[in-house]
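So the chains spell out like this:
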Amino acid sequence: MEKTVSEAIAYRRSCRVYKDEPIDSVKVKHCLKNAVLAPTSSNLQLWEFYHVTTQDILNKLTKACFEQNAAKTAQQLVVVVARKDLWRKRCKANVEFINSVYDKPDMNERMAKRKKMALNYYEKLMPFTYFDFLGIFGMIKYLSLQFVGLFRPIYRQVRLSDMRIVTHKSAGLAAQNFMISMAAIGYDTCPMEGSDTLRVKRILKLPYNSEITMIIGCGIKDEKGIYGPRFRVPFKEVYKEV
Ligand SMILES: Cc1cc2nc3c(=O)[nH]c(=O)nc-3n(C[C@H](O)[C@H](O)[C@H](O)COP(=O)(O)O)c2cc1C
């Protein structure tokens, strides 16, 4: 039986040593289907998940992860990739979806208005936000918006670096959905950012402007798999009720 959300969250720990025992890749794939249900900025879904099950690629990725135990002993790996470069394709997918959903001749005025707004978002606003050239256009947009921001609240995160953060944020949420889903079925994971991301991209034949959000080791934890008790700074230090 699957754990409850709270049980899965409490169960999940970063596991660095896994048992030499296979895990079911169908179940892992199912957890990745849960990953893509995570919320994502503007619903652009600028992510990809490489589910690595072949030994040759596992070995290569282990090397690129500096031979960390969490990679070396993992039965499978999941590479979470941020694909900011796919924004045009994802805008188009959203436009097609909107057109299919609002494809009724008898649409009332409210629906027609909603369709127009949604199309405007993906055909105008998103291209304005995501388009850039060597960071120059992003900086121009940023400076102009700072000026507008003197007079009214305005969205300011439009530089190249901001858009990278936006993309990784959503990919991170998907990664957490995945790890909690794995925990729910008694599988263990370890997120890793310790890797040579250029080598990882070469191994997976990813384009230059894609980015590795994290690599997740997957397996069943060995008794030595959890390195120590869980440590968190006191909750009162991070919880601010305002
Ligand atoms: C983005 C990210 C990157 C991480 N990178 C590594 C890593 O490269 N190697 C590693 O052993 N653990 C890595 N961790 C795991 C953290 O060390 C771990 O989550 C933290 O110590 C808290 O422990 P817990 O996950 O067991 O609660 C990473 C965690 C996150 C969220």
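## Some remarks on the overall build of the protein chain
Then, number 1: Scanning the protein chain from terminus to terminus reveals 10 helices and four strands.
Then, number 2: Looking at the protein chain as a whole, 39% of its 242 residues qualify as buried.
Then, number 3: Long-range pairs, those at least 24 residues apart, make up 79% of the contacts in the protein chain with a sequence separation of at least 6.
Then, number 4: For the protein chain, the accessible area works out to roughly 15100 Å², and carbon and sulfur atoms hold 58% of it.
Then, number 5: With 40 positive and 24 negative side-chain charges, the protein chain shows a spacing of 5 Å between the two charge centroids.

## Brief notes about the packing of helix α5 (residues 87–101) against helix α6 (residues 109–130)
Then, number 1: Interaxial distance between α5 and α6 falls to 10 Å at its minimum, and their mutual angle equals 175°. The orientation of α5 with respect to α6, classified from their angle, is roughly antiparallel. In contact with Trp87, Cys91, Asn94, Val95, Ile98 and Asn99 of α5, α6 contributes Lys115, Ala118, Leu119, Tyr122, Glu123, Met126, Pro127 and Tyr130.

## Focus: the sheet that holds strand β2 (residues 76–82)
Then, number 1: Here four strands make up an open sheet; going across it, the order is β1-β2-β4-β3 and the pairing antiparallel. Only two strands of the sheet have a single partner each, and these edge strands are β1 (47–52) and β3 (188–192). Within this sheet the neighbouring strands show an average axis-to-axis angle of 20°, counted without direction.
Then, number 2: In the sheet, β3 pairs with strand β4 (residues 211–219) via five bridges, with the strands oriented antiparallel. Bridging across to β4, cysteine 190 finds its partner in glycine 217.
Then, number 3: This element, helix α3 (residues 55–64), spans β1 and β2 of the sheet and lies at about 65° to β2.

## Section: the site of the ligand
Then, number 1: As a structural note, the neighbourhood of the ligand is formed by Arg12, Arg13, Ser14, Arg16, Gln68, Cys190, Pro191, Met192, Glu193, Gly194, Arg230 and Arg232.
Then, number 2: Arginine 13 is positioned such that a nitrogen or oxygen atom in its side chain is 2.7 Å from an oxygen atom of the ligand.
Then, number 3: Within the contact set of the ligand, a nitrogen atom lies 2.8 Å away from a side-chain nitrogen or oxygen of glutamine 68.
Then, number 4: In isolation the ligand has 620 Å² of accessible area, and contact with the protein removes 66% of it.

## As for a nonpolar patch on the surface
Then, number 1: On the surface, a cluster of nonpolar side chains totalling about 540 Å² of accessible area is made up of Phe131, Phe133, Leu134, Ile136 and Ile140.
Then, number 2: Take isoleucine 140: it is sitting in helix α7 (residues 136–148).
Then, number 3: Classification of isoleucine 140 as partly exposed rests on a relative accessible area of 48%.

## Quick look at the side chain of threonine 167
Then, number 1: Here threonine 167 is to be found in helix α8 (residues 160–184).
Then, number 2: Other than its neighbours up to four places away in sequence, threonine 167 contacts Leu46, Ala82, Arg83 and Lys84.

What counts, and where the lines are drawn
Residues numbered from 1 in each chain as written. Predicted model: local features only at pLDDT ≥ 70, side-chain atom pairs only at ≥ 80, totals over all residues. Heavy atoms only, no water. Helix = DSSP H or I, 4+ residues; strand = E, 2+ residues; numbered from the N terminus. Buried < 20%, exposed > 50% of the residue type's maximum accessible area, 1.4 Å probe, protein only. Contact = heavy atoms within 4.5 Å. Areas by Shrake-Rupley, 256 points an atom, 1.4 Å probe, with all protein chains shown as cover. Lys, Arg positive; Asp, Glu negative; His and termini not counted. Charge placed at Lys NZ, Arg CZ, Asp CG, Glu CD. Axes fitted to C-alpha atoms, helices over the stretch in contact; angles between N-to-C directions. Parallel < 35°, antiparallel > 145°, perpendicular 65-115°, else oblique. Pairing = 2+ DSSP bridges. Near = heavy atom within 4 Å. Polar contact = N/O pair within 3.5 Å; in protein donor to acceptor, adjacent residues only side chain to side chain. Patch = residues over 30% accessible without salt bridge, like charges linked within 9 Å, V, L, I, M, F, W, Y side chains within 5 Å. Salt bridge = Lys/Arg side-chain N within 4 Å of Asp/Glu carboxyl O.

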